[in-house]
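# Observations on chain architecture
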Amino acid sequence: MPEAIKGRQHDRQATGPAAATLLEARNIAKCFSHPNGTVTPAIGDIALSLAKGEFVAIVGPSGCGKTTLLRCLCGLLKPDSGTLSYAGKPVSDVPEDVAVVFQEYNRSLFPWLSVRRNVEFGLNKLSKTERRARAEEALTRVHLTDVIEHYPWQLSGGMQQRVAIARAVATQPNLLLMDEPFASVDAQTRIRLETMTASISTELGLATLLITHDIDEAVFLADRVIVLSPRPSSVLAEVVVDIPRPRTELEVKAMPRFQEYRRLIHDLIVAKQSDTPDVVDTPAPDGTEPERSP
Ligand SMILES: Nc1ncnc2c1ncn2[C@@H]1O[C@H](COP(=O)(O)OP(=O)(O)OP(=O)(O)O)[C@@H](O)[C@H]1O
Ligand SMILES: [Mg+2]
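Residues numbered from 1 in each chain as written. Chains lettered and ligands numbered in written order. Predicted model: local features only at pLDDT ≥ 70, side-chain atom pairs only at ≥ 80, totals over all residues. Heavy atoms only, no water.

## Examining the confidence of the model for the protein
- Averaged over every residue, the pLDDT of the protein is 89; the share at 70 or more is 87%.
- The model gives residues 6–17 a pLDDT under 50, and that stretch makes 31 contacts with residues more than four places away or in other chains.
- Scored below 50 in pLDDT, residues 287–294 shows 20 contacts in the model against residues more than four places distant or in partner chains. (pLDDT = per-residue confidence, 0-100. Contact = heavy atoms within 4.5 Å.)

## Topic: the side chain of Asn118
- Along the chain, the position of Asn118 falls in helix H3 (residues 115–120).
- Overall, Asn118 belongs to the buried group, its relative accessible area being 0%.
- A distance of 2.8 Å separates the side chain of Asn118 from the backbone nitrogen of Phe110, its partner in a polar contact. (Helix = DSSP H or I, 4+ residues; strand = E, 2+ residues; numbered from the N terminus. Buried < 20%, exposed > 50% of the residue type's maximum accessible area, 1.4 Å probe, protein only. Polar contact = N/O pair within 3.5 Å; in protein donor to acceptor, adjacent residues only side chain to side chain.)

## Topic: the nonpolar core
- Counting residues in hydrophobic clusters, the biggest one holds 52 residues, and the most contacted among them are Val119, Leu139, Val142, Ile165, Val225 and Ile265.
- Sort the elements by how many residues they give to this core and helix H5 (residues 157–170) lands first, with 7 residues.
- With near-sequence residues (within four places) excluded, Leu139 lies in contact with Val115, Arg116, Val119, Leu144, Thr145, Ile148 and Ala166.
- If you look at the next biggest cluster of nonpolar residues, it comprises 29 residues, including Leu22, Ile28, Ile58 and Leu228. (Core = buried A, V, L, I, M, F, W, Y, C linked by side-chain atoms within 4.5 Å.)

## Focus on the sheet that holds strand E3 (residues 55–59)
- Ordered by their spatial adjacency, 10 strands build an open sheet running E5-E4-E1-E2-E10-E9-E3-E8-E7-E6, and the pairing between neighbours is mixed. In this open sheet, the two strands that pair with only one neighbour each are strand E5 (89–90) and strand E6 (98–101).
- Bridge count between strand E4 (residues 81–86) and E5: 2 bridges; the pairing is antiparallel. Residue pairing across strands places Tyr86 opposite Lys89, the latter belonging to E5.
- Of the strands in this sheet, strand E1 (21–33), strand E2 (39–51), E3, E4, E6, strand E7 (175–179), strand E8 (207–211) and strand E9 (224–228) touch helix H1 (residues 66–73), which is tilted by about 55 degrees from E2.
- Packed on one face of the sheet, H5 meets E6 and E7 and runs near 170 degrees to E6. (Pairing = 2+ DSSP bridges. Axes fitted to C-alpha atoms, helices over the stretch in contact; angles between N-to-C directions.)

## Quick word on the site of ligand 1
- If you check the shell around ligand 1, you find 14 residues, and the closest are Gly63, Gly65, Lys66, Thr67 and Thr68.
- The backbone of Cys64 places a nitrogen or oxygen atom 3.1 Å from an oxygen atom of ligand 1.
- Interatomic distance of 3.0 Å between a backbone N/O atom of Gly65 and an oxygen atom of ligand 1.
- Within the residue set of the shell around ligand 1, elements represented by two or more residues are E2 and H1.
- Considering every element that reaches the shell around ligand 1, the biggest residue donor is H1, with 3 residues.
- Here the shell around ligand 1 is built from residues that sort into 4 nonpolar, 7 polar and 3 charged. (Near = heavy atom within 4 Å. Nonpolar A, V, L, I, M, F, W, Y, C, P; charged D, E, K, R; others polar.)

## Description of the pattern of salt bridges
- One pass over the structure, following the stated rule, counts 18 salt bridges.
- Residues Glu203 and Arg141 are paired through a salt bridge, measuring 2.8 Å at the closest nitrogen-oxygen approach. Highlighted residues: Glu203 in helix H6 (residues 187–204) and Arg141 in helix H4 (residues 128–141), separated in sequence by 62 residues.
- A relative accessible area of 56% means that Glu203 is categorised as exposed.
- With a shortest N-O distance of 3.4 Å, Asp267 and Arg263 are connected by a salt bridge. Residue Asp267 and its partner Arg263 are located together in helix H9 (residues 256–275), separated by 4 residues, close to a single helical turn.
- For Arg263, a relative accessible area of 55% translates into the label exposed. (Salt bridge = Lys/Arg side-chain N within 4 Å of Asp/Glu carboxyl O.)

Okay, structure coming up:
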């Protein structure tokens with residue numbers, strides 16, 4: 001087994017007993033039942049954990065169940081079996097100090113609210129002055145103070161995604177979950193957003209779980225990359241990324257070690273994809289044609 005693939009636990013701030021587990025999933029499985037009686041097995045059996053302050057990326061082939069996993073991890077979706085705990089307690093709803101950023105920023109922002117009001121949304125338990133201060137601080141972190149009174153539709157895609165990140169950060173989460181947050185922006189913007197996310201996560205000591213299908217992005221950002229198999233997904237490998245921080249995109253991507261990690265993860269995904277037949281969903285008892293996975 002290559003040197004980079006190590007045990008489950010890794011914490012960039014501490015290792016051993018001091019590395020407190022924040023999120024833990026044991027033997028999570030999830031199927032979707034369709035009205036015609038067919039069943040899509042999305043997650044086969046997944047066990048993973050995330051320590052306080054750790055940055056973990058999850059990569060896997062398209063349709064393997066990454067979004068389903070993220071929805072289970074944050075309590076938006078109930079797994080069929082297995083256990084989930086956050087900060088030592090079972091997860092039944094989205095915990096208060098967990099924030100989620102989705103890929104479709106244009107669907108997550110309210111077009112009729114200004115940038116400021118979008119970020120203040122969800123902080124309604126705070127006084128007006130506190131809400132304002134939190135929003136301004138979060139928007140400073142994503143370098144958007146100059147468009148604070150603009151509306152989302154007046155901003156570029158990358159700027160809108162920064163507003164979505166500011167909204168997540170303003171809630172002062174301990175865990176930030178991100179589902180392909182940079183997939184809809186151009187390559188230059190993507191690098192800027194990746195670098196900004198790394199800084200925010202380090203500065204705030206945030207545990208971050210990033211779902212991505214971009215192997216370079218995963219290796220550049222993460223302390224540990226969890227590689228998923230095709231669906232019904234399971235963990236193929238966990239790759240500890242031993243590259244010091246702060247990381248600069250050009251420097252890191254030129255490192256032979258970076259190339260080794262990306263090659264290793266790429267080979268794991270491709271090898272598994274080629275030796276796994278397409279999953280055909282369980283047919284309906286009356287013989288109705290089953291729905292195929294995408
Ligand atoms: N709400 C749902 N109802 C029925 N089937 C679903 C539902 N959500 C996901 N699925 C199915 O579960 C499987 C996994 O979907 P999921 O969106 O989790 O994959 P993914 O890895 O995030 O895909 P992508 O790489 O395209 O983002 C797919 O076959 C999908 O069709
Ligand atoms: Mg997805």
